[in-house]
Amino acid sequence: MKIQKYFSLIRINIKNALVYRANVTGRVIFYFVFIFIFFSLWGMIYSGGEIAGYSLSQMIWYLCITELITFTSGNSVFGRMNEEVKSGSIAYQLLRPWNYVFKQFSEALGEMSFCAAVFTAMAVVLGLIFAGPLQGFPAAAVPLMLLSMLLSVTMNFFLMMSLGLTAFFMEENSSFYLIYQKLLFIFGLFLPIEFLPQWAQNILRYLPFSLITWGPAKMIVDFSWHHAALVLPAQALWAAAAVLLAMFIFSRGVKKVNVQGG
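All of these numbers come straight from a predicted model, not from anything done at the bench.

A. Layout of the layout of surface pockets. Of the volumes computed, that of the largest pocket is approximately 580 Å³. Taken together, 22 residues form the lining of the largest pocket, with Leu-68, Thr-120, Leu-146, Met-149 and Ile-220 sitting closest to its centre. Put simply, the parts of the chain that give the lining of the largest pocket at least two residues each are α3 (56-72), α6 (100-131) and α7 (142-165). The residue inventory of the lining of the largest pocket, partitioned by class, reads 19 nonpolar, three polar and no charged.

B. Up close: the packing of helix α2 (residues 25-45) against α6. Here α2 crosses α6 at 30°, and the two axes come no closer than 11 Å. With respect to their mutual orientation, α2 and α6 come out roughly parallel. Crossing angle aside, the handedness with which α2 passes α6 is right-handed. Listed contacts from α6 to Arg-27, Val-28, Tyr-31, Phe-32, Ile-35, Phe-36 and Phe-39 of α2 are Glu-111, Cys-115, Val-118, Phe-119, Met-122, Ala-123, Leu-126 and Phe-130.

C. Quick peek at the packing of aromatic side chains. Considering all chains together, one arrives at 25 aromatic pairs under this definition. With a centroid separation of 5.8 Å and an interplanar angle of 80°, the aromatic rings of Trp-42 and Phe-195 are classed as edge-to-face. Pair noted here: Trp-42 is in helix α2 and Phe-195 is in the loop between α8 (174-189) and α9 (198-204), with a separation of 153 residues, a long-range link.

D. Seen up close, the nonpolar core. Ranked by size, the top nonpolar core spans 79 residues in total, and within it Tyr-31, Phe-158 and Met-161 carry the most contacts. By residue number, the principal contributor to this core is α6, which donates 13 residues. In this view, Phe-158 contacts Val-101, Phe-105, Ala-242, Val-243 and Ala-246; residues no more than four positions away in its chain are not counted.

E. Here's a closer look at the side chain of Thr-166. Following the sequence through the fold, Thr-166 ends up in the loop between α7 and α8. Thr-166 sits in the buried class, given a relative accessible area of 14%.

F. Inspection of a nonpolar patch on the surface at higher detail. On the surface, a nonpolar cluster with roughly 450 Å² of combined accessible area is contributed by Ile-29, Phe-32, Val-33, Phe-36 and Ile-37. Along the chain, the position of Phe-32 falls in helix α2. Take Phe-32: its relative accessible area is 39%, and that puts it in the partly exposed class.

G. Main features of the environment of Tyr-62. Along the chain, the position of Tyr-62 falls in helix α3. For Tyr-62, a relative accessible area of 0% translates into the label buried. Taking the C-alpha atoms as reference points, Tyr-62 and Met-160, 98 residues apart in sequence, are found 23 Å from one another. Those residues within four positions of Tyr-62 in sequence are excluded, and the remaining contacts are Tyr-54, Gly-188, Leu-189, Leu-191, Pro-192, Trp-214, Ala-217, Lys-218 and Val-221.

H. Just the side chain of Gln-235, in detail. With respect to the helices and strands, Gln-235 occurs in helix α11 (residues 225-260). When its relative accessible area of 0% is taken as the criterion, Gln-235 is described as buried. Every residue in contact with Gln-235, bar those within four places of it in the chain, is listed here: Ser-148, Leu-151, Ser-152, Met-155, Leu-211 and Pro-216.

I. Looking closely at the packing of helix α4 (residues 77-87) against α7. Running from N to C, α4 and α7 point in directions that differ by 30°, and their axes come no closer than 8 Å. In terms of orientation, α4 lies roughly parallel with respect to α7. In this structure, α4 crosses over α7, and the sense of that crossing is right-handed. Of the residues in α7, those in contact with Val-77, Phe-78, Arg-80, Met-81, Asn-82 and Val-85 of α4 are Phe-157, Met-160, Met-161, Leu-163, Gly-164 and Leu-165. When its residues are assigned to classes, the contact of α4 with α7 shows nine nonpolar, two polar and one charged.

J. Representation of α4 in the model. Inspection of α4 places Val-77, Phe-78, Met-81, Asn-82, Glu-84 and Val-85 among the buried residues, and these make up the whole buried set. Looking at the packing, one finds that the buried side of α4 touches α5 (90-93), α6, α7 and α8.

K. Inspection of the pattern of salt bridges at higher detail. This structure, assessed with the given rule, holds three salt bridges. One salt bridge in this structure joins Glu-107 and Lys-103, with 2.9 Å as the shortest N-O distance. Taken together, the positions of Glu-107 and Lys-103, both in helix α6 and four residues apart, correspond to about one turn of that helix.

Definitions and cut-offs
Residues numbered from 1 in each chain as written. Predicted model: local features only at pLDDT ≥ 70, side-chain atom pairs only at ≥ 80, totals over all residues. Heavy atoms only, no water. 1 Å grid on protein atoms, 1.4 Å probe; cavity = no way out; pocket = protein on both sides within 12 Å on 5 of 7 lines; lining within 4 Å. Points joined across faces, edges and corners; volume = space filled by probe spheres on them. Helix = DSSP H or I, 4+ residues; strand = E, 2+ residues; numbered from the N terminus. Nonpolar A, V, L, I, M, F, W, Y, C, P; charged D, E, K, R; others polar. Axes fitted to C-alpha atoms, helices over the stretch in contact; angles between N-to-C directions. Parallel < 35°, antiparallel > 145°, perpendicular 65-115°, else oblique. Left-handed = near helix turned anticlockwise from the far one by under 90°. Contact = heavy atoms within 4.5 Å. Phe/Tyr/Trp six-rings, centres within 6.5 Å; stacked < 30°, edge-to-face > 60°. Core = buried A, V, L, I, M, F, W, Y, C linked by side-chain atoms within 4.5 Å. Buried < 20%, exposed > 50% of the residue type's maximum accessible area, 1.4 Å probe, protein only. Patch = residues over 30% accessible without salt bridge, like charges linked within 9 Å, V, L, I, M, F, W, Y side chains within 5 Å. Areas by Shrake-Rupley, 256 points an atom, 1.4 Å probe, with all protein chains shown as cover. Salt bridge = Lys/Arg side-chain N within 4 Å of Asp/Glu carboxyl O.

In structure tokens form, the structure reads like this:
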């Protein structure tokens, strides 16, 4: 497998994202509206002090980071997989000289790289406007934070791809996507898991739903070496598992396509 061709796909899709950069305008507006609404909401909830160890400033930054992750993660992959499988157009992709799963990820990385730049800038600007500078931010730990976010985006992409590829086996699979999205929303996107009962926290620390959002966001707003040592290995294991799951579902699905003639 020549890796150069996948890097070429990344470069091509970065260029495409730059050419069609206006496509992200609506998402930028939605990102601003979302942060403004939750800033107003948490401003009323916080009467002073902290909640579950998070100050108001940390909560605003937390939301900026979790939304940055979800807006960057290539959420369209589920719909694209569904469409290609159900329409049969995936059969044409199978004739091309590359691994289909990694081709999709390479193409998505191009778009996600552009989105990461845009929404990182948005997160920093809105965080500074609504919450001010993040106190005690450890600049030396930035490489670990970036690694955590990369693992998070990778994990999320391949899990959604796996859900989309279930279209090989069932006509209607959108319920899986909806359940997955709601689990992300509840367990880390809107609220840190510290807001939940202790028994739930002990479980969620090791599940992908919270590791996608809560893991990297807490690392940024309240960094500790203990948290990094807990989250990064778990993220790496889940990211690898998500890649293997997508490849497994695809390999089984391709056999089904061959039997049925596309």
